[in-house]
Amino acid sequence: AAPFLFSPLYLNSYLLPWVIWATAALALNLLMGWAGQIHLGFAAVMAIGAYSAIHLTRAGIPFELALIGAGLVSAVIGLGFGAAALRVKGLYLAVSTLAMQYLVDWIISHTPAISGGSQATLQAPSFAVLGIAIDSDARRYWVALVLCILVASFMLNVRRTSFGRALVAVRDKDFAAAIIGVNAFYVKLVAFWTSSFIGGVAGAVLAFCYYGAVTP
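Quick caveat: nothing in here was measured; it's all calculated off a predicted structure.

**Q** Where do I start with a nonpolar patch on the surface in this structure?
**A** A cluster of nonpolar residues, Phe4, Leu5, Phe6, Tyr10, Tyr14 and Trp142, forms a patch on the protein surface that exposes about 710 Å² of accessible area. Tracing the backbone through its elements, the reader meets Trp142 in helix α7 (residues 137-158). Residue classification places Trp142 among the partly exposed residues on the basis of a relative accessible area of 33%.

So, in structure tokens, the structure goes:
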């Protein structure tokens, strides 16, 4: 009900980014809070999702499918970095994921096909969800809010599953989890994949609903 209760300035400057960043924080919490894996390159994951969604939408793909595509691209790239980074632990894992941040930043800035140039800005195309044009502050807020609710519901339900319990076991003591039959490396990879997917979608929503553009 926020669009009816607050001014457009308050809605766009505070509530909308708060909802989007909450979605991204939930995604990162799945990896860091539940699986116990440090990730300092999550902004790169969101950037991949933002650029992917804009390019897919410009290619004529509906926004709903572009969101899924952005999440998949982020998940694949995040999984690739995760598979390499998970061979180390602790501080070394943190440094490995931080390297992802700088590498992705460099690639985006130096690949005109992606960013248009290091100083370029790509405007987000107009978009619709389920045939409804998202052309107002309230509708952009509701798109972000629905996504946040979906992710929060997913997180609340995952904790009740065997995968959620495996995440906690790996976080607390991965070699002890392995002794009782948990494939720690597989669980960590799935955590990287899922977290990156949601982070990519959150990055796309950040570009379309808040910034209205994306730039290095």
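**Q** Got a minute to help me understand the side chain of Ser195 in this structure?
**A** Relative to the helices and strands, Ser195 resides in helix α10 (residues 184-211). Among the residues examined, Ser195 registers a relative accessible area of 0% and is labelled buried. From its side chain, Ser195 meets the backbone oxygen of Ala27 in a polar contact 2.7 Å long. Residues in contact with Ser195, not counting those within four places in the same chain, are Ala27, Leu28, Leu30, Leu31 and Phe42.

**Q** Looking at this structure, I do not really get the side chain of Ser74. What am I missing?
**A** Tracing the backbone shows Ser74 in helix α4 (residues 63-85). For Ser74, the side chain forms a polar contact with the main-chain oxygen of Val45, separated by 3.1 Å. Ignoring sequence-local partners within four residues, the contact set of Ser74 consists of Val45, Ile48, Gly49, Ser196 and Gly200.

**Q** So what exactly am I meant to see when it comes to the packing of helix α2 (residues 8-34) against α10 here?
**A** Two measures define how a pair of helices packs: the angle their axes make with one another and the distance between the axes. Between α2 and α10, the shortest axis-to-axis distance is 7 Å and the interhelical angle comes to 170°. The angle between the axes of α2 and α10 places the two elements in the roughly antiparallel class. Facing Asn12, Ser13, Leu16, Pro17, Ile20, Trp21, Thr23, Ala24, Ala27, Leu28, Leu30 and Leu31 of α2, the residues of α10 in contact are Ala191, Phe192, Thr194, Ser195, Ile198, Gly199, Ala202, Val205, Leu206, Cys209 and Tyr210. When grouped by side-chain class, the residues that make up the contact of α2 with α10 number 17 nonpolar, six polar and no charged.

Conventions adopted
Residues numbered from 1 in each chain as written. Predicted model: local features only at pLDDT ≥ 70, side-chain atom pairs only at ≥ 80, totals over all residues. Heavy atoms only, no water. Patch = residues over 30% accessible without salt bridge, like charges linked within 9 Å, V, L, I, M, F, W, Y side chains within 5 Å. Areas by Shrake-Rupley, 256 points an atom, 1.4 Å probe, with all protein chains shown as cover. Salt bridge = Lys/Arg side-chain N within 4 Å of Asp/Glu carboxyl O. Helix = DSSP H or I, 4+ residues; strand = E, 2+ residues; numbered from the N terminus. Buried < 20%, exposed > 50% of the residue type's maximum accessible area, 1.4 Å probe, protein only. Polar contact = N/O pair within 3.5 Å; in protein donor to acceptor, adjacent residues only side chain to side chain. Contact = heavy atoms within 4.5 Å. Axes fitted to C-alpha atoms, helices over the stretch in contact; angles between N-to-C directions. Parallel < 35°, antiparallel > 145°, perpendicular 65-115°, else oblique. Nonpolar A, V, L, I, M, F, W, Y, C, P; charged D, E, K, R; others polar.

Everything listed is a geometric property; what it means functionally is a separate question.
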